[in-house]
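Each chain, letter by letter, is given below.
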Number of protein chains: 2
Amino acid sequence: MIDRLLMKLRARDEISADEEEALRAAVGEIVRHPADVTFIPAGKLLHSSTLLIEGLIARYKDLSNGERQITELHVPGDFADLHSFTLKFLDHSIMTVTPSVIVQVPHEKLQAITENHPHLARVLWFMTNLDAAIHREWVVSLGRRSALKRTAHLFCELQLRLGIAGLATERGYALPITQTVLAECLGLTSVHVNRVLKELRERGLVEFRSGRVTILDLPTLRRLAEFDPAYLYLDKRPR
Amino acid sequence: MIDRLLMKLRARDEISADEEEALRAAVGEIVRHPADVTFIPAGKLLHSSTLLIEGLIARYKDLSNGERQITELHVPGDFADLHSFTLKFLDHSIMTVTPSVIVQVPHEKLQAITENHPHLARVLWFMTNLDAAIHREWVVSLGRRSALKRTAHLFCELQLRLGIAGLATERGYALPITQTVLAECLGLTSVHVNRVLKELRERGLVEFRSGRVTILDLPTLRRLAEFDPAYLYLDKRPR
């Protein structure tokens, strides 16, 4: 159940058998949600963190004019809200983008990990810092990358993050989301996203169709996006 | 030396005398930097984290076309790179925006805190999650807020963050930065920032002049920005 989490962690550090056991013991029951369900509303007091097993989840904020900004997409093996362990409630909401399978990890179990497994606690701390690094990269994309480069960058990011979870190759990956959701990640309108997708396809770089991203030319796509994977911390240093 | 850090922490949780002592013992020597110095370049292996005592510091990334995006501004009492404790190197650079006084906190001392003071370790973990919350709010601003609202939002954020450190009132605060730096935070051009500042002044909301932000009407400024301070987690819950 936590295999994809372990793949994600072990891409960054050694996790001992003892630590793996502590993680397995911390996991609660499986819950299934359909698509488009806000299962963690902003402001709700939380007593557990959510680990995504299957599906796609988004953190988001809505503005008063009805516009939505997604601040991160979560792939299997990600905690959707490991940060709620220290924040206690979230300033944003979390929704399923596709039908999703999740498990809850009670905060009291995470607290026990911080008290009995300091290295594993640092690895979990690292995981929330990795989310922050992804946030910063989105700040750079939204602030300074053109719509074309920004979209290309997101496709590169998801290719790598899904790849670590065994869910993408260099040829592509399933991404069963609408252009509206893509627009909500990219700070664009759906119409603008549609135009950008056309240009990426016509340039022979990437195709997004029928819930699938088909990568036609990964090196050129990465060059266009100025994609530097350093922010995903795929080095293996002791945390 | 760590008084502003303690003010920031105690606005969010109880810090015991014992924990305060552990923090004081972790702090190394004072270093002074002039303005505009990149003292932590991206990719450099780090063995200590930097606490800002006086001044203003920015995390940033440069793109190949020479454009810069600042991803967070740090005020006194902030760690500029507490996240480097688990990341080991940064995917972005850190520079002084104004002349700054910093102290180094060796990672081995932080590691000892995670092993001997689990509650204090959770508070420090929380601090990096607070940075991530600020990143998310900037994602929302850059993705969905107009240039006017986005600028208003940044002024509201800094008023509150500097206020916690005793460096702002509801009337305003010192912000000795250029319009270029402001533009690099806001994903705008300097010319655009200049126009927005004029509009904010003409609306009687806020004035940015000679390195000072003078707040003329805080409630209306906050309403314009849709500023909800929930993301700064000024509740006092045990972490």
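Residues numbered from 1 in each chain as written. Chains lettered and ligands numbered in written order. Predicted model: local features only at pLDDT ≥ 70, side-chain atom pairs only at ≥ 80, totals over all residues. Heavy atoms only, no water.

1. Points about the overall build of chain A
Condition: A run of DSSP states H or I qualifies as a helix once it reaches four residues; a run of E qualifies as a strand once it reaches two. Both are numbered from the N-terminal end. Only C-alpha atoms enter the radius of gyration, while the globule expectation follows 2.2 Å times N to the 0.38, with N the number of residues. The classification of residues rests on relative accessible area computed with a 1.4 Å probe and restricted to protein chains. Under 20% of the type maximum is buried, over 50% is exposed, and intermediate values are partly exposed. The criterion used for residue contact is that any of the two residues' heavy atoms lie within 4.5 Å. Here, Shrake-Rupley sampling with a 1.4 Å probe gives the accessible areas, and only protein chains in the shown set may cover a residue. When charges are counted, Lys and Arg contribute as positive and Asp and Glu as negative, whereas His and the chain ends are disregarded. The atom standing in for a charge is NZ when the residue is Lys, CZ when it is Arg, CG when it is Asp and CD when it is Glu.
Within chain A, the regular secondary structure consists of 9 helices and 11 strands. Computed over C-alpha atoms, the radius of gyration of chain A comes to 18 Å, within 12% of the 18 Å expected from 2.2 N^0.38 for 239 residues, which places it in the range of a compact globule. Taken over 239 residues, chain A has a buried fraction of 61%. The contacts of chain A with a sequence gap of at least 6 include a subset with a gap of at least 24, amounting to 74%. Total accessible area on chain A is roughly 8800 Å²; 51% of this is exposed by carbon and sulfur atoms. With 31 positive and 30 negative side-chain charges, chain A shows a separation of 5 Å between the mean positions of the two kinds.

2. Concerning the interface of chain A and chain B
The line we're drawing: Summed over both partners, the accessible area lost on bringing two parts together, with a 1.4 Å probe, is the buried area. Each reported salt bridge corresponds to a side-chain nitrogen of Lys or Arg within 4 Å of a carboxyl oxygen of Asp or Glu. We call two N or O atoms a polar contact when they sit within 3.5 Å, provided that within protein one can donate a hydrogen and the other can accept it, with sequence-adjacent residues counted only if both atoms are side-chain atoms. Three categories are distinguished: nonpolar for Ala, Val, Leu, Ile, Met, Phe, Trp, Tyr, Cys and Pro, charged for Asp, Glu, Lys and Arg, and polar for the others, with Gly belonging to the last.
With 55 residues of chain A at the contact, the number on the chain B side is 55 residues. In total, about 5100 Å² of surface goes out of reach between chain A and chain B, with carbon and sulfur atoms giving 62% of it. Of all residues in chain A, W125, R136 and R144 of chain A bury the most surface against chain B, accounting for 18% of the area lost on that side. Ionic pairing is found between E137 of chain A and K61 of chain B, a salt bridge with its closest N-O pair at 2.2 Å. Viewed at the interface, chain B and chain A are joined by 32 residue pairs in polar contact (both at pLDDT 80 or more). Where the side of chain A that touches chain B is concerned, the elements lending two or more residues are β4 (57-62), β5 (68-74), α3 (84-87), α4 (107-116), α5 (118-144) and α7 (179-186) of chain A. The element best represented in the side of chain A that touches chain B is α5 of chain A, accounting for 19 residues. Looking at side-chain class alone, the side of chain A that touches chain B contains 25 nonpolar, 13 polar and 17 charged residues.

3. With respect to the relation of the copies chain A and chain B
To keep it simple, the criterion reads: When the copies are superposed, the least-squares fit draws on C-alpha atoms of residues that have pLDDT of at least 70 in both.
The two copies are related by a screw operation: chain A maps onto chain B through 180° of rotation and 0.0 Å of translation along the axis, at an RMSD of 0.0 Å. Here the copies are linked by what is in effect a two-fold axis. Interface overlap between copies: 100% of the residues of chain A at the interface are likewise at the interface in chain B, consistent with a symmetric, same-surface contact.

4. Some details on the sheet that holds strand β7 (residues 100-106) of chain B
Residue and element names in this part refer to chain B. What counts, and what does not: When DSSP finds at least two bridges between two strands, those strands are taken to pair. The convention used is that axes are lines fitted to C-alpha atoms, helices contributing only their stretch in contact, and that angles between N-to-C directions extend from 0 to 180 degrees.
Pairing is antiparallel in the open sheet, where 3 strands are placed in the order β1-β7-β3. On the outer flanks of this sheet lie β1 (30-33) and β3 (48-54), each paired with one strand and no other. In this sheet, neighbouring strand axes are inclined to one another by 35° on average, regardless of whether the strands run parallel or antiparallel.

5. Details of the side chain of K8 of chain B
All names here are of chain B. Within the fold, K8 resides in helix α1 (residues 3-10). In this structure the side chain of K8 is engaged in a polar contact, spanning 2.7 Å, whose partner is the side chain of D78. Every residue in contact with K8, bar those within four places of it in the chain, is listed here: G77, D78, M127, L130 and I164.

6. Structural notes on helix α8 (residues 190-202) of chain A
Selection criterion: Expected helix span is taken as 1.5 Å per residue step, with the number of steps being one fewer than the number of residues.
Relative to the 18 Å expected for 13 residues at 1.5 Å per residue, α8 of chain A spans 18 Å between its end C-alpha atoms, a close match to the ideal helical length. The elements touched by buried residues of α8 of chain A are α6 (147-164), α7, β10 (206-209) and α9 (218-225) of chain A.

7. Section: the domain arrangement of chain A
All names here are of chain A. Keep this limit in mind: Note that the domain bounds were set by an automatic or database domain assignment.
Taken domain by domain, chain A consists of domain 1 (3-137) and domain 2 (146-232). If you average the C-alpha positions of domain 1 and of domain 2, the two centres end up 23 Å apart. Residue-level contacts link 21 residues of domain 1 with 19 residues of domain 2. The junction of domain 1 with domain 2 conceals about 1700 Å² of combined surface from both sides, 67% of it contributed by carbon and sulfur atoms. In this structure, the connection of domain 1 to domain 2 is made through 2 salt bridges. With a closest N to O distance of 2.8 Å, D78 and R161 form a salt bridge. Connecting domain 1 to domain 2 are 7 residue pairs in polar contact (both at pLDDT 80 or more). Of all the elements in the fold, those that place two or more residues in the side of domain 1 that touches domain 2 are α1 (3-10), β5 and α5. If you tally residues by element for the side of domain 1 that touches domain 2, the top one is β5, at 6 residues. Considered class by class, the residues forming the side of domain 1 that touches domain 2 number 11 nonpolar, 3 polar and 7 charged.

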